[in-house]
Amino acid sequence: MNAPSSMRSAPAGQHASKGAIRIQNVDKMYYAREGAVQAVSDCSLDIRAGEICMIVGPSGCGKTTLLNAIAGFHDITGGTISLDGELLCGPEKPKAEPGPDRVVVFQNGALFPWKTNLENVAFGPVMQGKMTWAQAREKARGMMADAGLVGVEHNYPGEVSSGMRRRVEIVRALMNDPKVLLLDEPFRALDSLTKSVMHEALLEIYYKNKVTIFFITHDLEEAIFLGHRVAIMTTRPCKPKKILEVDIPHPRNYSVLTSPRFRELMEETVNAVHEEAVKAFEAGEKEM
Amino acid sequence: MANGKQATSAGEIGAWDIFTYRFSKWLRSPTPYRMFVGFALFFGAWFLLSEVFRVWRFASLPGPRQVLTEWLNPNPVYGMSLYTPEYYTHVWMSLRRVLIAFVIATGLGVPYGLFLGWSRNFREFTFPVFETLRPIPVLAWVPLAIVMFRGDETPVIFLTTLASFYATALNTMLGVQSIDEAYPRAAACLGASKWQIFRHIIIPGALPFIFTGLQISVGVAWFSLVAAEMVSGEYGLGYLINTSYVNVQYPVIIIGMISVGVVGYVSSALVRFAGDYLMQWRVRELALGGGR
């Protein structure tokens, strides 16, 4: 809670005391066939504990690179990332260790197809040695019921709808009581009707759990509807171009979409994003 | 609670239910009748070519009627039919060898393939050697097998194991490589250690490919077994085929060949069933599930 802007942030920050991510001067360079590529450059972003921070930017701009660095899937080549003051990665230790305090929900979904939905949700605590399968199943059943997932516990992920799978995956993440949820365009593959249902479901889960949410998306409407703040990123190399405070109070529901304030914020965002999208298009960026 | 009840009944769908469901569906489909017509055409053509018209070259081939009467004859002309105990000795010896070889090949091939796919270092050390040995045909190993191993049984089993091992190991490796990167990452996020990822992600994730490998593996086991039995060993269907040739007992050759075909078909069906049993999630996605 350093910046004065955090004082007037939406109610989220007041509840949670954990899950603040500080990204400072992060660089990520990697080598591709066409030579060295600067995916992220001098990127600094403070994500407040308990907020929903939406990351918006053109395809291939390096948003996912940033997420992978926080999650510990990739190293960074410069700068530091810390979580609640503890260093995740930096010059001494370029790659963070993946762990249950930062759980990722993947773009195409990563529920294990060979485990039932219930076993998937129970997986985390058992692996960490915190619970036996029996205890974890018991807790998982309760958490699934809270999220309205009744009757699909013994189905395999492949047997339920894609919207249902995403909800199971989010519950699987929350089973570990994480500080941060890292969502990488989780609703991208869903049709717009399912998507709207998922947005309200996610908010409902969020109001109950109050974790920090780092949410990557292309969808501006989604970004403004869900987020406390929307960080618009520049095209490669990726860094925040503009950070928009969404001053629509939480809890929100779908009626927000037709409010005049929502329209204004949309306009403001569209212009900033469009500029970057054109740049990315002209540079011929490929989807990463 | 209607919802809860539905959940338990969905949880109780077992392998047997799936089998009966599939079987009744199969009977109602044109598949079995097409299969029947296919066999009828095959045997009909064979019969016409060899026994009715006695077309050039086919004239010296025993016809299906001749083979069948010999096979079902309590007093076979050439001494080999369903009524002679030697027939079963041959079938049993071959089956036993394939079974032993298949168990060895699977026991070595699956772990080897898993490590090939899992560890880059391990792959770089051993895969080039593996790839150099793999194209060497089983028959080229025959002299060495006889020199290296004592007795009649071990060389044959060694030769039968070889090709099966290659097929299993290679498919298992491909299976590990086919696993979506997101799964091990998700598991790591959820706090799984390296070995837990191996046990809960890599092994089940590779299973579909492993079972493809095992089906190829039983197939090539029969293939190399018959070749091995033709050059060494005593008893076995390959041995039977070869000695019948030497003794000019042509119908017995075909009895031996068809026996290999039937037993081979059954053994690969058994592997398929075992795969379905272990991969319920796939069976349910394909047979009953799909976006409900």
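Everything quoted here is computed from the prediction, not taken from an experiment.

Remarks on the interface of chain B and chain A
Piece 1. Between chain B and chain A, the contact holds 24 residues from the first and 28 residues from the second.
Piece 2. Where the side of chain B that touches chain A is concerned, the elements lending two or more residues are helix H1 (2-11), helix H9 (182-189), helix H10 (194-231) and helix H13 (280-287) of chain B.
Piece 3. Each residue belonging to the side of chain B that touches chain A can be placed in one class, and the counts come to 12 nonpolar, eight polar and four charged.

Details of the pairing of strand E6 (residues 102-105) of chain A
Residue and element names in this part refer to chain A.
Piece 1. Of the two faces of E6, the one lined by Arg102 and Val104 and the one lined by Val103 and Val105 are each fully buried.
Piece 2. Pairing analysis gives four bridges linking E6 to strand E7 (residues 180-184), with the strands arranged parallel. Bridging across to E7, Val104 finds its partner in Leu182.

Topic: the confidence of the model for chain A
Residues and elements named next belong to chain A.
Piece 1. For chain A, per-residue confidence averages 85 on the pLDDT scale, and residues scoring 70 or more make up 93% of the total.
Piece 2. The lowest-confidence element of chain A is helix H1 (residues 12-15), averaging 45 in pLDDT; the highest-confidence one is helix H3 (residues 117-127), averaging 95.
Piece 3. Low pLDDT, under 50, characterises residues 1-14; the stretch is placed with 21 contacts to residues that sit more than four places away or in other chains.

Focus on the nonpolar core
Piece 1. Residues Met54(A), Ile70(A), Leu182(A), Phe214(A) and Phe215(A) are the most contacted members of the largest nonpolar core, which totals 144 residues.
Piece 2. Counting residues per element, this core draws most heavily on H10(B), which supplies 15 residues.
Piece 3. Each residue touching Ile70(A), except ones within four places of it in the same chain, is listed here: Ile21(A), Ile81(A), Leu88(A), Ala96(A), Arg102(A), Leu182(A) and Phe214(A).

Thoughts on the environment of Glu70(B)
Residues and elements named next belong to chain B.
Piece 1. Summarising the element assignment, Glu70 is placed in helix H4 (residues 64-71).
Piece 2. Separated by 25 residues in sequence, Glu70 and Leu95 have C-alpha atoms that sit 22 Å apart.
Piece 3. If near-sequence neighbours (up to four positions away) are discounted, Glu70 is found in contact with Pro76, Val77, Tyr78, Ser81, Pro251 and Ile255.

Topic: unusual backbone geometry
All names here are of chain A.
Piece 1. Backbone torsion omega between His250 and Pro251 reads -5°, so that peptide bond is classified as cis.
Piece 2. Among the structural elements, Pro251 can be located in the loop between strand E10 (240-245) and helix H8 (260-283).
Piece 3. Phi is positive for Asn25, close to 45°, though the residue is something other than glycine.
Piece 4. Along the chain, Asn25 falls in strand E1 (residues 21-32).
Piece 5. Of note in the backbone geometry, Glu185 takes a positive phi value of approximately 40° without being a glycine.
Piece 6. Structurally, the position occupied by Glu185 is in the loop between E7 and helix H6 (192-209).
Piece 7. Assessed through the 20 C-beta atoms surrounding it within 10 Å, Glu185 is described here as buried.

About the thresholds
Residues numbered from 1 in each chain as written. Chains lettered and ligands numbered in written order. Predicted model: local features only at pLDDT ≥ 70, side-chain atom pairs only at ≥ 80, totals over all residues. Contact = placed C-beta atoms within 7 Å. Helix = DSSP H or I, 4+ residues; strand = E, 2+ residues; numbered from the N terminus. Nonpolar A, V, L, I, M, F, W, Y, C, P; charged D, E, K, R; others polar. Buried ≥ 20, exposed ≤ 12 C-beta atoms within 10 Å, placed from the backbone. Pairing = 2+ DSSP bridges. pLDDT = per-residue confidence, 0-100. Core = buried A, V, L, I, M, F, W, Y, C linked by C-beta atoms within 7 Å.

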